[in-house]
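Observations on the three-dimensional arrangement
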Amino acid sequence: MKNKTANFALKGATTLTVAALVGKILSAIYRVPFQNLVGNKGFYIYQQIYPIYGIAMTIGLTGFPVYISKIIARETEQVKKKQQAVILLDILFFFGIVIFAFLYIGAAEIAYLMGDNRLVELIKGVSWLYLLVPLLAVARGYNQGMQEMTPTALSQLVEQVARICIIIVVALFGTSHGWSLYRIGSYAFLGSIIGAVCALCFFISFFKKIIKFQRKQNFALIISTLKGLFSEGLIICFFAGILVLLQLIDSFTLKKALQVAGYSVQNAENLKGVYDRSQTFLQLGLVVSTSFSASLLPMLIKNQVEKDKLKFEQNTRLIYRICIWMSMAVTWGLIILMPSLNKALFSSVQGSVAISISMLTIIFAGVILLDNSILQSTNNYKKNIGVLVSIIVIKFLTNYQFTLYLGIVGAALSSVLSMAIGTFLSEMSLKKIGLSRKLSRRFVKKIVVCSVIMVSVVFCILRVTNSLETSRIGSFIQCIIGVPVGAVFYVGSTRYGNLFSDKEWKSIPGGEYVLKIFKKRMDK
């Protein structure tokens, strides 16, 4: 029975992980054609409001649904499960109305604080999403708690596809018909509303059950649910959207700092649009760097269910090593290729230094998110509250000043600094419960060597093909060559450097192919 429960949990968690990864990749890629259509100014307009949307999606996709599923799963009676769902829906919908009213009524003030009064209609438009998010959060959480993962997985994919299609169509239609960039941005966020409505269609049967359910007031249960939602639930939300929170601080401080530094309004908006290109690379980089370790996280669920402490510690150690290994590859690969990537995707190398510095965030963010997942799986989520607060406070206190003196490079450094300090503090949280990342010096040295080999090879490729840098197509060709060659040398040096055993390679997605390709091994 224990094995059956563990395997069921493993299968369900894997389904959601795959769906989430595909959704995140789509969410990162669409920014490239969108920016190409609307330019830096249009991208700036969209990205100023994106954090408000991003927070809503974090609540409806990965934040509250995770917590709600735990509440539903621990109830043994069907009536109590439905009662919990009704209470959760009432609470979240009430707060959804409050947030909607705050954003809609306060749109002018928020736009003023962002330094652009023309953003009012965009803020009002995206505020409607907060009336739909509570419905999605509870529906997804309930289904996950009932071990029905397919509706949640499909709803995530359909929501992203619908939203992205509308954004691109609006950008194409708007630019060809001479719409203002603010009007295009406003209609683009309409895609998020339509995407959410499409996602809700997967939960019609759930809402029919809730409507028929006879409500009974249970104030003790309501208070208990409130405490859980706004403690563990919020912490899960904030960590899932940590990069979105950093973007939100940028929305309120970056443009203003650039203007005080002497840039005109137009130049400040243009630079903010350039800096926001980094979000595409960060999101893609974080998806790639965490995908391998995230695919193994369900194993920890299985270990927890089976109460196998030894395997839990072994798998935890392996997951950290994989996370660092992938994060280093993605981070340094993006940094060395950044000028070419920037030109190939966004038509100019402007802002490449700032964007490159931002890529260091991938390493720290990957580790912090993994730390939080470990703490969450052991019910020690409260240990990381200080980490979350520290990251936000450091970013808030340094972002304006750093940008004032260093421009968008300063904004990038502010993000990296806040995440670096957060990574250090997060390890302290792990040690408080007797866990650690357990990365040996030998492993760290070897991974640095592997990274140096990869960077050196890619650098040589860029130098040999430097004549291609003058055109966008040429830069794209450099990336097409550099990425696979760099990956081969990195994986090869990892294999021959014995960073992972044969058994560990087999547990890594695609690891068996690595064993077949790189058959020869050096002695330890």
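Being a predicted model, the structure only gives us computed values, none of them experimental.

Basis of the calculations
- Residues numbered from 1 in each chain as written.
- Predicted model: local features only at pLDDT ≥ 70, side-chain atom pairs only at ≥ 80, totals over all residues.
- Heavy atoms only, no water.
- Phe/Tyr/Trp six-rings, centres within 6.5 Å; stacked < 30°, edge-to-face > 60°.
- Helix = DSSP H or I, 4+ residues; strand = E, 2+ residues; numbered from the N terminus.
- Buried < 20%, exposed > 50% of the residue type's maximum accessible area, 1.4 Å probe, protein only.
- Lys NZ or Arg CZ within 6 Å of the ring centre and 35° of its normal.
- Core = buried A, V, L, I, M, F, W, Y, C linked by side-chain atoms within 4.5 Å.
- Contact = heavy atoms within 4.5 Å.
- 1 Å grid on protein atoms, 1.4 Å probe; cavity = no way out; pocket = protein on both sides within 12 Å on 5 of 7 lines; lining within 4 Å.
- Points joined across faces, edges and corners; volume = space filled by probe spheres on them.
- pLDDT = per-residue confidence, 0-100.
- Expected span 1.5 Å × (residues − 1).
- Bend = angle between axes of the 7 residues up to and from the residue.
- Salt bridge = Lys/Arg side-chain N within 4 Å of Asp/Glu carboxyl O.
- Axes fitted to C-alpha atoms, helices over the stretch in contact; angles between N-to-C directions.
- Nonpolar A, V, L, I, M, F, W, Y, C, P; charged D, E, K, R; others polar.
- Patch = residues over 30% accessible without salt bridge, like charges linked within 9 Å, V, L, I, M, F, W, Y side chains within 5 Å.
- Areas by Shrake-Rupley, 256 points an atom, 1.4 Å probe, with all protein chains shown as cover.

1. Section: the packing of aromatic side chains
Summed over all chains, the structure comprises 21 aromatic pairs. Between Tyr 50 and Tyr 53 the ring centres are 5.4 Å apart and the planes differ by 55°, which places this aromatic pair in the tilted class. Of this pair, Tyr 50 and Tyr 53 both sit in helix 2 (residues 31-74), three residues apart, which is roughly one turn of the helix. Here Trp 179 and Tyr 187 contribute two aromatic rings whose centre-to-centre distance is 5.1 Å and whose plane-to-plane angle is 40°, an arrangement assigned as tilted. With relative accessibility at 37%, the residue Tyr 187 sits in the partly exposed group. What links up through ring pairs into an aromatic cluster is the set Tyr 30, Phe 34, Tyr 46, Tyr 50, Tyr 53 and Phe 189. A cation sits over an aromatic face here: Lys 124 above Tyr 104, 5.2 Å from the ring centre. Over the ring of Trp 179 we find Arg 183; its NZ or CZ atom is 4.0 Å from the centre of that ring.

2. Section: the nonpolar core
Formed by 70 residues in total, the largest nonpolar core has its most connected members in Phe 34, Ile 49 and Phe 206. No other element matches the 19 residues that helix 2 contributes to this core. In this structure, Ile 49 is in contact with Met 114, Leu 119, Leu 122, Ile 123, Val 126 and Phe 189, ignoring residues within four places of it in sequence. Formed by 51 residues, the second largest nonpolar core is a distinct cluster that contains Leu 246, Ala 329, Trp 505 and Leu 515.

3. Here we look at empty space enclosed by the protein
Applying the stated criterion to the full structure yields two cavities of 30 Å³ or more. When its volume is computed, the largest cavity comes out at roughly 80 Å³. Residue lining of the largest cavity: Leu 243, Leu 246, Gln 247, Asp 250, Tyr 275, Ser 278, Gln 279, Leu 282, Ser 358, Thr 361 and Ser 415, and that is the complete set. Contributions of two or more residues to the lining of the largest cavity are made by helix 12 (242-260) and helix 14 (278-306). In terms of residue count, the dominant contributor to the lining of the largest cavity is helix 12 (four residues).

4. Quick look at the confidence of the model for the chain
The predicted coordinates ought not to be read in detail in places where the model reports low pLDDT. Looking at the chain, the pLDDT average stands at 86 and 92% of residues meet or exceed 70. Scored below 50 in pLDDT, residues 1-8 makes nine contacts in the model with residues more than four places away or belonging to other chains.

5. Some points on helix 12
Over its 19 residues, helix 12 extends 27 Å from the first C-alpha to the last, a length consistent with the 27 Å expected when each residue adds 1.5 Å. Along helix 12, the largest kink reaches about 40° and is centred on Asp 250. Among the 19 residues that make up helix 12, 14 are buried, leaving the element largely enclosed by the rest of the structure. Within two residues after helix 12, Gly 262 carries a phi angle of roughly 120°, on the positive side.

6. Some remarks on the pattern of salt bridges
Within this structure, the stated rule accounts for nine salt bridges. Across the pair Lys 255 and Glu 269 runs a salt bridge whose closest N-O atoms are separated by 3.0 Å. On the criterion of sequence distance, the pair formed by Lys 255 in helix 12 and Glu 269 in helix 13 (residues 265-275) is long-range, its members being 14 residues apart. A relative accessible area of 2% means that Lys 255 is categorised as buried. Salt bridges sharing common partners tie together Lys 41, Asp 116, Arg 118, Lys 255 and Glu 269.

7. Section: the packing of helix 6 (residues 129-145) against helix 7 (residues 150-176)
Angle between the axes and distance between the axes: these two values describe a pair of packed helices. Interhelical geometry of helix 6 versus helix 7 gives an angle of 145° and a closest axis separation of 9 Å. The segment helix 6 lies against helix 7, with Leu 136, Arg 140, Asn 143 and Gln 144 engaging Pro 151, Thr 152, Ser 155, Gln 156 and Glu 159. Here the contact of helix 6 with helix 7 is built from residues that sort into two nonpolar, five polar and two charged.

8. Topic: the environment of Lys 343
Tracing the backbone shows Lys 343 in helix 15 (residues 309-346). With a relative accessible area of 17%, Lys 343 lands in the buried category. Between the alpha carbons of Lys 343 and Phe 476 there is a distance of 7.9 Å; along the sequence they are 133 residues apart. If we ignore the near neighbours within four places in the chain, the residues touching Lys 343 are Ser 348, Val 349, Glu 469, Thr 470, Ser 471, Arg 472 and Ser 475.

9. A few points about the environment of Phe 203
If you trace the backbone, Phe 203 turns up in the loop between helix 9 (190-200) and helix 10 (204-212). Distance from Phe 203 to Ile 394, taken between C-alpha atoms, is 40 Å for residues 191 residues apart in sequence.

10. Quick look at a nonpolar patch on the surface
A cluster of nonpolar side chains, namely Ile 385, Val 389, Val 393, Phe 396 and Leu 397, defines an oily patch on the protein surface of about 460 Å² accessible area. According to the relative accessible area criterion, Val 393 is partly exposed, its value standing at 38%.

11. A word on the layout of surface pockets
Looking at the second largest pocket, its volume works out to about 780 Å³. Around the second largest pocket, the lining comprises 35 residues; the ones closest to its centre are Val 288, Ala 329, Val 330, Leu 334 and Val 483. Element by element, the count of residues in the lining of the second largest pocket is highest for helix 15, at ten residues. Looking at the lining of the second largest pocket residue by residue, the classes come out as 28 nonpolar, seven polar and no charged.

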